[in-house]
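What follows is the residue order along each chain.
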Amino acid sequence: MDATGKSKRLILMRHAKSEWVSDDCDVSRSLARRGVKDAVKMGRWFSGKLLPDRILCSSATRATETLDFLEIGGERALRSITLILDALYGCSFDSLIQIIEKHESYGDLMIIGHNPSLEQLLLWCLEDTQMLSSYQKVFPTGAIYELEICDSTRKVRRGSARLIDYMRPKLI
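Here the structure is a predicted model, which means the values were calculated and not measured.

Cut-off values and rules
Residues numbered from 1 in each chain as written. Predicted model: local features only at pLDDT ≥ 70, side-chain atom pairs only at ≥ 80, totals over all residues. Heavy atoms only, no water. Helix = DSSP H or I, 4+ residues; strand = E, 2+ residues; numbered from the N terminus. Rg over C-alpha atoms; globule rule 2.2 N^0.38 Å. Buried < 20%, exposed > 50% of the residue type's maximum accessible area, 1.4 Å probe, protein only. Pairing = 2+ DSSP bridges. Axes fitted to C-alpha atoms, helices over the stretch in contact; angles between N-to-C directions. Contact = heavy atoms within 4.5 Å. Salt bridge = Lys/Arg side-chain N within 4 Å of Asp/Glu carboxyl O.

(A) Region of the structure containing the overall build of the chain. Counting secondary structure elements, the chain contains four helices and six strands. Listing the helices and strands of the chain from first to last along the sequence gives β-α-β-α-β-α-β-α-β-β. Relative to a compact globule of 172 residues, whose C-alpha radius of gyration would be 16 Å, the chain shows 15 Å and is just as compact. With respect to the three principal axes, the spread of C-alpha positions in the chain is 50 × 30 × 30 Å. Here the chain, with 172 residues, has 52% of them falling under the buried criterion.

So, in structure tokens, the structure goes:
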């Protein structure tokens, strides 16, 4: 918690399931039918959560479509607090940390992006990964992890986050 008693949250979401069309450029891949359904379901679940101060979303089509269907499912306006970033598409773990640091002044952040960097970040910053060991896939498509940053500086560091809540489309 900071001086005001407010904890900082980091919410991570992997884009929903996308189509694999061989002639499409990877960045242009759209959501599959299942991905649309999953994103709407996750939007309904996410509607019970306090909105973050800022959403950072990859510019990849599947990520922006995930945002759109998350918004539809949750019946909440999300675009007004969202920045679409080319840098989130295909970024490395180190680049993802830099993006977070650049935007940490916003307070609570949500990132809608891609593996492997999201999964690497999750495993790196969680203080306890025991719960994740029961899953074959740590960060499947459409999953959301809500973390509380426990570090006194409110910065994302190795082992600095506690898992508050999570959801996967298959659990709904």
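(B) Examining the sheet that holds strand β5 (residues 144-149) more closely. Strand order in this open sheet of six strands is β3-β2-β4-β1-β5-β6, and the pairing throughout is mixed. Strand pairing shows two members of the sheet lacking a second neighbour, β3 (82-85) and β6 (161-167), which therefore form its edges. With strand direction ignored, the average angle separating the axes of adjacent strands in the sheet is 20°. Where strand β2 (residues 54-58) and β3 come together, four bridges link them in parallel fashion. Within β3, the position partnered with Ile55 by the bridge is Thr82. Sheet strands touched by helix α4 (residues 117-125): β1 (8-14), β4 (109-113), β5 and β6. Its angle to β1, the strand with the most contacts, is close to 145°.

(C) The environment of Val138, seen in detail. With respect to the element layout, Val138 can be found in the loop between α4 and β5. Distance from Val138 to Arg33, taken between C-alpha atoms, is 22 Å for residues 105 residues apart in sequence. Those residues in contact with Val138, other than ones at most four positions away along the chain, are Glu119, Leu122, Leu123, Leu132, Tyr145 and Arg168.

(D) How the structure looks around the pattern of salt bridges. Summed over all chains, the structure comprises ten salt bridges. Here Asp108 ties to Arg9 by a salt bridge, and the two come within 3.1 Å at their closest N and O atoms. Pair noted here: Asp108 is in the loop between α3 (93-103) and β4 and Arg9 is in strand β1, with a separation of 99 residues, a long-range link. Overall, the relative accessible area of 1% leaves Asp108 in the buried class. Residue Lys41 pairs with Asp38 through a salt bridge whose shortest N-O separation is 3.8 Å. One end of the pair, Lys41, and the other, Asp38, are both in helix α1 (residues 33-46), three residues apart, so they sit about a helical turn from each other. When salt bridges that share partners are traced, they join Arg9, Lys49, Asp108, Glu146 and Asp165 into one network.

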